Amino acid sequence: LEGPLLNTYSSSCLFWQEAFQLLSFVLKAKKREIKRKRLKVGSMTDSSSLTMRHFWGCQQQFFRQLLVCAKVPSVVSMAKSARLRQEAVVIAMWSTGESVTSARVEREGTKNLAGFASAPFEIATRMLDKIIAPKVEDAMGGGDREGMQAAARLSRLCGQLKALDLPPNPLDDLIAQLGGPREVAELSGRRQRPLV
């Protein structure tokens, strides 16, 4: 990694560190509340463990996608060099990113789309919406200072995610950089390709 992508990677690491700290803060606050109310801790421990597993899974997916996106400029360079030598180019990918594009269309609608969806952004958004936000809302239920603090931290984290310069879906980016659909024959299982 180098240049802007290295900065994106470093900023992404900070984002995930802060997300982890917020999630840990909220889970510890819930545990303290359970002890204070003298409720059973067993189910809370199981729930916290499952929550953390989901969190780490999202983090792993995020960085895997980020690293796949980081390879696009090198692949484009190699493909263009091969074309100059009049060689045929075949690029194999693990994922088309269709689910990422579908998630974005579902969230924003088709009229608001500008540019390609970003797999890392969609994964981080899903983590915030499905893992951290519900725990923060639960913490806010008590109306105490910790709940308000967690909500403020979540808001900052959402802003931090939007500020990250995350790369677009690698398949769409490759097609665009190699001349578009007129120059690239896409042989994939996805049902539709975004037109941008």
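See the structure shown above.
Residues numbered from 1 in each chain as written. Predicted model: local features only at pLDDT ≥ 70, side-chain atom pairs only at ≥ 80, totals over all residues. Heavy atoms only, no water.

Draft legend 1. Seen up close, the overall build of the protein chain. If you tally the helices and strands in the protein chain, you get seven helices and zero strands. Beginning at the N terminus, the succession of helices and strands in the protein chain can be written as α-α-α-α-α-α-α. Taking all 196 residues of the protein chain together, 35% fall into the buried category. When contacts within the protein chain are restricted to residue pairs at least 6 apart in sequence, long-range pairs at least 24 apart make up 74% of them. When the accessible surface of the protein chain is totalled, it reaches about 12,500 Å², and 54% of it is carbon and sulfur. (Helix = DSSP H or I, 4+ residues; strand = E, 2+ residues; numbered from the N terminus. Buried < 20%, exposed > 50% of the residue type's maximum accessible area, 1.4 Å probe, protein only. Contact = heavy atoms within 4.5 Å. Areas by Shrake-Rupley, 256 points an atom, 1.4 Å probe, with all protein chains shown as cover.)

Draft legend 2. Structural view of the packing of helix α3 (residues 72–84) against helix α7 (residues 170–177). Closest axis-to-axis distance for the α3/α7 pair is 10 Å, and the angle between their directions is 35 degrees. Considering only the axes of α3 and α7, their crossing is right-handed. Residue-level inspection shows Val-72, Val-75, Val-76 and Lys-80 of α3 in contact with α7, the latter providing Pro-170, Asp-173, Leu-174 and Gln-177. Split by residue class, the contact of α3 with α7 holds five nonpolar, one polar and two charged. (Axes fitted to C-alpha atoms, helices over the stretch in contact; angles between N-to-C directions. Left-handed = near helix turned anticlockwise from the far one by under 90°. Nonpolar A, V, L, I, M, F, W, Y, C, P; charged D, E, K, R; others polar.)

Draft legend 3. Here's a closer look at the packing of helix α5 (residues 119–140) against helix α6 (residues 145–163). It is at 9 Å that the axes of α5 and α6 come closest, and there the two elements cross at 170 degrees. Comparing their axes, α6 and α5 come out roughly antiparallel. Contacts between α5 and α6 pair Phe-121, Ala-124, Thr-125, Leu-128, Ile-132, Ala-133, Val-136, Ala-139 and Met-140 from the former with Gly-147, Met-148, Ala-150, Ala-151, Leu-154, Leu-157, Cys-158, Leu-161 and Lys-162 from the latter. Of the residues that constitute the contact of α5 with α6, the class distribution is 15 nonpolar, two polar and one charged. (Parallel < 35°, antiparallel > 145°, perpendicular 65-115°, else oblique.)

Draft legend 4. The arrangement of the packing of aromatic side chains in detail. A full pass over the atoms with the stated rule returns eight aromatic pairs. Between Phe-20 and Trp-56, the aromatic rings sit 5.2 Å apart at their centres with planes inclined by 35 degrees, giving tilted as the arrangement. Here Phe-20 is found in helix α1 (residues 3–37), whereas its partner Trp-56 is found in helix α2 (residues 42–70), with 36 residues between them in sequence. Judged by relative accessible area, Trp-56 falls into the partly exposed class, the value being 37%. Of the aromatic side chains, those joined through ring pairs into one cluster are Tyr-9, Phe-15, Trp-16, Phe-20, Phe-55, Trp-56, Phe-62 and Phe-63. (Phe/Tyr/Trp six-rings, centres within 6.5 Å; stacked < 30°, edge-to-face > 60°.)

Draft legend 5. Just the nonpolar core, in detail. Of all hydrophobic cores here, the largest spans 29 residues; its most connected members are Phe-15, Trp-16, Leu-22, Phe-62, Met-127, Leu-128 and Ile-132. Elements supplying a minimum of two residues to this core: α1, α2, α5 and α6. Per element, the largest residue contribution to this core is nine residues, and it comes from α5. If we skip the residues at most four places from it in the chain, Met-127 touches Phe-15, Trp-16, Ala-19, Phe-55, Cys-58 and Ile-132. (Core = buried A, V, L, I, M, F, W, Y, C linked by side-chain atoms within 4.5 Å.)

Interpretation in functional terms is not warranted from these geometric data alone.
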